[in-house]
Amino acid sequence: MNLPLRRFARVPFVCGSNHCTSVFTALVLASPFAGADPSKVDSRSEPVGIPRLENLVVDGSGAEWGETAFRVDLVTDDSPAPRSAEDFAAEVRLAWTETGLAVLVHWRDDVADEATLPGGIYERDAVELYLSPSPGSPTYFQVVISPGLSSAQPELRHFVYHFTRDEAWLKAASGLQVARQRQGRSAVIEALLPWGTAGLDFRTEESFAFRIFVDDADGGASRWRRTWTSAERDYHWLERASSATAEPVRAVERPPVDERLRFLRAPQNSVPPFKAERDFARIECDSYVFAHDRFPEWDFLDPIRTRERLGAVKVSVRYFDETGEEQHAAVRPGRYGAVFRVESDVAAPFSVYRTLYRLPWNGSSSGERTDEAHAIELAENAEEPLVATMRSAAWWHRIKKQLGVATRYEKLIEIPRGYAHQPERRWPVLLFLHGSGFGKETLLRAEAPLRFAQSSPDYPFILVQPMSGAAWEPPALADLLDEVGRDYRVDLDRVYLAGFSLGGIGTWATALAMPDRFAAIVPVAARGGEPALAKRLAHLPVWAWNGEQDPTTRVEQVQRMIDALKSIAGDSEKIRLTVVPGLSHPPTPDHVFSRPELYAWLLQHKRRSPKRVDPRP
């Protein structure tokens, strides 16, 4: 089959959203949280002007702010139930100076719960500040501030996550100022983010993109979040007004439904358990394991609240058997999949996927587990839950393909320069999975592997870079590799897998799901790997990388999987972990994928005992 040579190839992309941000300065301040009726400001289409603040001194007092700053009440609450201001309350004020953007956040919290490690302070009580040149920009500057109200962490702390490699921007970050004053359960945090941290030129650029989260953790496993946003957007356009406003401006955006429903607005491709559900919108069956031909009863976990929030709700359900045939009754023992389609007046339609299992006619559910996890284990005939979950994901992917809703990844392909001139040659493939926060613009500007490929005349790999806005799905990546194998001259015994951060997590997960497909893998700055399943990768060469100073993925998280692999495969050269001294999270891909020795190491390995055949005709 003769195909035209394509340097960039794309397929439809399902599931995902860009994540961009903005700069600002935050001030967490004790206040009564009272005020006149608000004048609503909608920043969803046109930039919102914020006033200038003269003579700002960042000391945590807030003395210079007065009453003319742009005021934002953080009214969108991601909590399971409404909470009083005595429990947790937040208010923000915004202004600008020639130096940078200033933000004032009023904070009150009845229970102080702050993280121990600086790199993880966003996981507990914290203010998260973002700055980006525009809502569509993939580069942003993020500052997370821990207020220092707990007895265990009594001091103000902040941590900077800079998602750029621009040296000028990094230099500008040294001008960040943060200060705080506290009184009892309240605090004042004042911060100033220099314009240069977002690559903004104060002399020529008037507008920028902005987002803020205020997170509250009350000692449990979860946290609540308040933010100035709506269910339709994450970021706001702001612009510098020419002068201070005469009257306070109070911006309030009240979405028609709870902010949690924004997780239901994108096409959902998760496998059970359905991660995007939120409390009242969760559908449950009364039993997932049963012993008769009637499918189980089902309802929302909180039906009254669901209908209060969603209005008129219409739910349709379809059942599929093990072979993918639609059924109206459980006529045979075995696995069934229930697909619930939920439509309402106020939210986009979404689907919920549930796995069911019918016991043999002479079976009985009495005394047995009837939860969905057990149904998945029975359906996959696997005692190890993680293995059952992986197999179940592949089965659900086939059903979703049948329904036309399965994830398909848009991709970029870089072809070796000698490809067209060597028609008999089959070429190795490097599948690279990017980290979180990527948009199409970032992908086309090239990640580190693509830059290296384009600068190396003898680069021998067919480089495949898919794009995802969520966690990587191994079954969808398997489809992608099948497609590449059909369209290009691929050496199926030399297919390599690599990824950074979220992509590194996807590298571990994909290798575990189909370990016989790859010749070697390179997870970079990526926890995961499931040490309990290390035996599945006993034959596979692994070279893991991590920065010594990486706060996102700590070395010990990676070390556990490497130790598990070495205990099974032996302490050989094929299992490696390279820890780079002084290196943090964002610079890691450039450091790793610009090294010729990495690609030489990959080419040393071929797939052992291949189980797949060439899909090309």
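Bear in mind the structure is a predicted one, so any value in this text is a computation, not a measurement.

**Student:** Help me understand the overall build of the chain, please; the structure alone is not making it clear to me.
**Tutor:** From N to C terminus, the chain includes eleven helices and 29 strands. Taken over 617 residues, the chain has a buried fraction of 54%. Pairs at least 24 residues apart make up 71% of the contacts formed inside the chain by residues separated by at least 6 positions. Per element, the accessible surface of the chain, about 26000 Å² overall, is 50% carbon and sulfur.

**Student:** Sorry, what's going on with the nonpolar core here?
**Tutor:** Generally speaking, nonpolar side chains in soluble globular proteins are found buried as a group. Ranked by internal contacts, the top residues of the largest apolar core, which has 45 residues, are Ile462 and Trp508. Broken down by secondary-structure element, the contributors of at least two residues to this core are α4 (385-403), β24 (427-433), β25 (462-467), α7 (474-487), β26 (490-500), α8 (502-513), β28 (542-547) and α9 (555-569). Those residues within four positions of isoleucine 462 in sequence are excluded, and the remaining contacts are Ile413, Glu414, Ile415, Pro416, Tyr419, Trp427, Pro428, Val429, Leu430, Tyr488, Arg489 and Val490.

**Student:** What is the right way to look at α4 in this model?
**Tutor:** Quick reminder: α-helices carry 3.6 residues per turn. Residues three or four places apart thus point the same way. The first and last C-alpha atoms of α4 sit 26 Å apart over 19 residues, in line with the 27 Å expected at 1.5 Å per residue. Among the residues making up α4, those that are buried are Val387, Ala388, Ser392, Ala393, Trp395, Trp396, His397, Ile399 and Lys400. Its buried side turned inward, α4 meets β19 (313-321), β21 (334-344), β22 (350-358), α3 (372-380) and α7. Just past α4, the residue glycine 404 takes up positive phi, approximately 80°.

**Student:** Would you mind showing me how to read the packing of α4 against α7 here?
**Tutor:** A packed helix pair is summarised by two numbers, namely the angle formed by the two axes and the spacing between the axes. Where α4 meets α7, the axes come as close as 8 Å, and the angle between the chain directions of the two elements is 65°. Residues Ala393, Ala394, His397 and Lys401 of α4 form the contact with α7, whose participating residues are Pro475, Ala476 and Asp479. Considering only residue class, the contact of α4 with α7 consists of four nonpolar, one polar and two charged.

**Student:** Explain the pattern of salt bridges here, please?
**Tutor:** Pairing between side chains of opposite charge can happen when the charged atoms of each approach one another. For the coordinates displayed, the defined rule picks out 20 salt bridges. Residue glutamate 91 pairs with arginine 71 through a salt bridge whose shortest N-O separation is 2.9 Å. Residue glutamate 91 is found in strand β5 (residues 88-96), and its partner arginine 71 is found in strand β3 (residues 70-73); the two are separated by 20 residues along the sequence. Here the two residues glutamate 91 and arginine 71 agree in accessibility, since each one is buried. Members of the salt-bridge network, linked through shared partners, are Arg52, Glu54 and Glu98.

**Student:** When you look at the sheet that holds strand β23 (residues 410-414) in this model, what are you seeing that I'm missing?
**Tutor:** Spatial strand order, β23-β25-β24-β26-β27-β28-β29: seven strands in an open sheet with mixed pairing. Here the strands that pair on one side only, and so sit at the sheet edges, are β23 and β29 (575-580). Taking the axes of each pair of neighbouring strands and ignoring which way they run, one obtains an average angle of 15° across the sheet. Bridging between strand β27 (residues 520-524) and β28 involves two bridges; their strand directions are parallel. Residue pairing in the sheet places isoleucine 521 in a bridge with valine 542 of β28.

**Student:** Would you explain the sheet that holds β19 in this entry?
**Tutor:** Backbone hydrogen bonds are what pair the strands of a sheet, in a parallel or an antiparallel way. Across the sheet, five strands lie side by side as β17-β22-β21-β19-β20; this open sheet has mixed pairing. Sheet topology places β17 (289-290) and β20 (326-327) at the edges, where each strand pairs with a single neighbour. With two bridges joining them, β17 and β22 adopt parallel strand pairing. Looking across to β22, one finds that valine 289 is bridged to tyrosine 357. Packing against the sheet, α3 makes contact with β17, β21 and β22, and its axis sits at approximately 60° to β22. Across the sheet, α4 is in contact with β19, β21 and β22; its angle to β21 comes to roughly 55°.

**Student:** How should the packing of aromatic side chains be read in this particular structure?
**Tutor:** Geometrically, a pair of aromatic rings is defined through the distance of the ring centres and the angle of the planes. The tally for this structure, following the rule as stated, stands at 20 aromatic pairs. Aromatic pair phenylalanine 290 and phenylalanine 295: ring centres 6.4 Å apart, planes at 70°, arrangement edge-to-face. Like phenylalanine 290, the residue phenylalanine 295 is buried in the burial classification. Each ring, one from tyrosine 353 and one from tryptophan 396, has its centre 5.3 Å from the other, and the planes form 65°; the classification is edge-to-face.

**Student:** Looking at this model, I keep getting lost on the environment of threonine 97. Mind explaining?
**Tutor:** Assignment of secondary structure puts threonine 97 in the loop between β5 and β6 (100-109). Sequence-distant contacts of threonine 97, defined by excluding residues within four places in its chain, comprise Leu53, Leu56, Leu192, Trp195 and Phe202. Side-chain polar atoms of threonine 97 contact the backbone nitrogen of threonine 99, separated by 3.1 Å.

**Student:** Hey, could you run me through the pairing of β27 in this one?
**Tutor:** On any regular strand, side chains alternate: one points to one face of the sheet, the next to the other face. Across the five residues of β27, five count as buried, placing the element largely inside the fold. Because side chains alternate across β27, one face comprises the buried residues Ala520, Val522 and Val524, and the other comprises Ile521 and Pro523, equally buried. Where β26 meets β27, five bridges bridge the pair, whose relative direction is parallel. Each residue of the ladder has a partner; that of alanine 498, found in β27, is valine 522.

**Student:** I would appreciate a short explanation of unusual backbone geometry in the present structure.
**Tutor:** Comment: phi is negative for the bulk of residues other than glycine, and the bulk of peptide bonds are trans. Unlike most non-glycine residues, asparagine 55 shows phi in positive territory, near 55°. The class for asparagine 55 is exposed, based on a relative accessible area of 66%. Despite not being glycine, alanine 525 has its phi angle at roughly 50°, a positive value. Looking at the element boundaries, alanine 525 is found in the loop between β27 and β28.

**Student:** So what exactly am I meant to see when it comes to the packing of α3 against α4 here?
**Tutor:** It is at 9 Å that the axes of α3 and α4 come closest, and there the two elements cross at 80°. Relative to α4, the element α3 lies roughly perpendicular. From α3, Ile376, Glu377 and Glu380 reach across to α4, where they touch Pro385, Ala388, Thr389, Arg391, Ser392 and Trp395. Looking at the contact of α3 with α4 residue by residue, the class counts come to four nonpolar, two polar and three charged.

About the criteria used
Residues numbered from 1 in each chain as written. Predicted model: local features only at pLDDT ≥ 70, side-chain atom pairs only at ≥ 80, totals over all residues. Heavy atoms only, no water. Helix = DSSP H or I, 4+ residues; strand = E, 2+ residues; numbered from the N terminus. Buried < 20%, exposed > 50% of the residue type's maximum accessible area, 1.4 Å probe, protein only. Contact = heavy atoms within 4.5 Å. Areas by Shrake-Rupley, 256 points an atom, 1.4 Å probe, with all protein chains shown as cover. Core = buried A, V, L, I, M, F, W, Y, C linked by side-chain atoms within 4.5 Å. Expected span 1.5 Å × (residues − 1). Axes fitted to C-alpha atoms, helices over the stretch in contact; angles between N-to-C directions. Nonpolar A, V, L, I, M, F, W, Y, C, P; charged D, E, K, R; others polar. Salt bridge = Lys/Arg side-chain N within 4 Å of Asp/Glu carboxyl O. Pairing = 2+ DSSP bridges. Phe/Tyr/Trp six-rings, centres within 6.5 Å; stacked < 30°, edge-to-face > 60°. Polar contact = N/O pair within 3.5 Å; in protein donor to acceptor, adjacent residues only side chain to side chain. Parallel < 35°, antiparallel > 145°, perpendicular 65-115°, else oblique.

The values reported here are purely geometric and, on their own, carry no functional implication.
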